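Structural characterization, general
One letter stands for each residue in the lines below.
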Amino acid sequence: MSIPTPRPLHPSLGAEICGLDLRETLSAEDRAAVAAALAEHIVLVFRDQTFTPGEYLAACSQLGTPMAQHYSQHNMPDQPMIGRIWHRNGQLPAERWHTDHTNRERPPKATILYGVEIPPQGGDTSFANMRAAYAGLDSEEQERLAGLKTVNGLDRHLTDTRSEDWEKYDIPAVHPVVRTHPDHGSRALYFHITKARCIEGMTPEDTQTLLQDLLDRTIRDSNVYRHSWRQGDMVVCDNRAAMHRAHGDYDRRHPRTLWRIILEGDRPV
Ligand SMILES: [Fe+2]
C-alpha cells in the first residue's frame, strides 16, 4: 500500500487524503510519508473513516504515541486515552485561537479529531498556519519574539477541572513563543493565550495584550483553513505549526461529537 497523494484544501494549509482506511496497518514507509505530508500541509483530513473507539486508538497509534489528556472528566470511561468533545456534558466550545496542552513540558505534537456526530449546519473547526503567521512579521519583531518565553498552566476559567488534574497537570511549563519544527526546520508562533500565565519578565496583563495583538495581526483568511465536518473525517493537526479554534455556531438541539486523541511531542525549542 502507498499513501494517496494529499489534495490541498486551502492555499496555505490543509490537505485531504481519500481512499485510505486507517484500520489497515501502515508500513514504515507509509508512516514516514504521512509524517512528511503533515509537516508540509500542517493539517491532514482523512476522509470516510469508520472506527470503534479501540480502532480509533489503534489508527492514531500508527502516527505516534497517544498521551493522556488533562481534562479527564471528558475522557471516555472505558477508553480514557480518547477525549470526547461534545456540549451535552456542559463543555463550552474553545473559540479562542490556541494550541493544545502547553502546560505540559513536552506538549503533544499533534491533535487528532474524529467526526462522530456532525450537526447539519455550523460547528466547524478552524486551523491557522502559524508558520506563515511568523513569516509575515518583520525581521526585527521576529527577533524580539524569539527571545520570549511563556509560563503555562491549566486554564483558570474552566470550573469543572478535577482536583487530581490540577495536581498532576498545573505544574508551570516554560515554552518559547517561537518554536522550530523538528521535522520541517521552519519557525512558527507558539502559545496558548489562556494557558499562558505570563511571558517571563512581563505582567499577566501585558502578556495578554501582547499575545492577543499578535493573534489579531497575524491570523487572517489567507492563512486559515476552516474545516466543515463530514461524519467519518479524521483530522490531524500539527500543533508545532498550527493553532486551532472551535466554532460554536450550531443548534444545540443537534448532537456534535468529536473524539480527540493527542500524540506525544518533543520539548519545544
Ligand atoms: Fe484545542
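Note that the coordinates shown come from a computational prediction; the quantities given were computed from them, not determined experimentally. (Residues numbered from 1 in each chain as written. Predicted model: local features only at pLDDT ≥ 70, side-chain atom pairs only at ≥ 80, totals over all residues.)

1. Some details on the overall build of the protein chain
Our working definition: The way it works is that DSSP assigns letters per residue, a run of H or I at least four long becomes a helix, a run of E at least two long becomes a strand, and they are numbered from the N terminus. Burial is judged by counting other C-beta atoms within 10 Å of a residue's own C-beta: 20 or more means buried, 12 or fewer means exposed, and anything between counts as partly exposed, with every C-beta placed from the backbone. The contact rule is simple: place each C-beta atom from the backbone, and if two of them lie within 7 Å, those residues are in contact.
Regarding its fold elements, the protein chain presents six helices and 17 strands. With the C-alpha coordinates of the protein chain rotated into their principal frame, the extents come out at 50 × 40 × 35 Å. Across the 269 residues that make up the protein chain, the buried fraction comes to 38%. Nonlocal contacts in the protein chain, meaning residues at least 24 apart in sequence, comprise 80% of its contacts between residues at least 6 apart.

2. Examining the environment of Arg144
When you line up the elements, Arg144 lands in helix H4 (residues 139–146). Residue Arg144 is classed as partly exposed on the basis of its C-beta count, with 13 C-beta atoms lying within 10 Å.

3. Considerations on the sheet that holds strand S8 (residues 125–129)
Our working rule: By the convention used here, strands pair only if DSSP detects at least 2 bridges between them. Here, axes are lines fitted to C-alpha atoms. For helices the fit covers the stretch in contact, and angles between N-to-C directions go from 0 to 180 degrees.
The strand order across the open sheet formed by three strands is S14-S8-S16, and the pairing between neighbours is antiparallel. A strand with exactly one partner marks an edge of an open sheet, and here the two such strands are strand S14 (224–227) and strand S16 (242–246). For this sheet, the mean angle separating the axes of adjacent strands, direction not counted, is 20°. As paired elements, S8 and S16 share five bridges and run antiparallel to each other. Within S16, the position partnered with Asn129 by the bridge is Ala242.

4. What about the pairing of strand S3 (residues 43–46)?
Successive side chains on a regular strand alternate, one facing one side of the sheet and the next facing the other. This is how the line gets drawn: Note on handedness: a crossover is taken as right-handed if, strands pointing away from the viewer, the path from the first strand over the helix to the second is clockwise.
Going residue by residue along S3, you find Val43 and Val45 tucked away on one face and Leu44 and Phe46 tucked away on the opposite face as well. The handedness of the strand S2 (residues 15–17) to S3 crossover, carried by helix H1 (residues 28–41), is right-handed. Two strands pair when backbone bridges link them, and S3 and strand S15 (residues 234–238) are joined in this way by four bridges, in the antiparallel orientation. Its bridge partner lying in S15, Val43 is registered against Cys237.

5. A word on unusual backbone geometry
One non-glycine residue with positive phi stands out, namely Asp48, at about 55°. Turning to its location among the elements, Asp48 is positioned in the loop between S3 and helix H2 (53–61). The phi torsion at His101 lies on the positive side, around 55°, for a residue other than glycine. Here His101 is to be found in the loop between strand S6 (79–85) and strand S7 (110–117).

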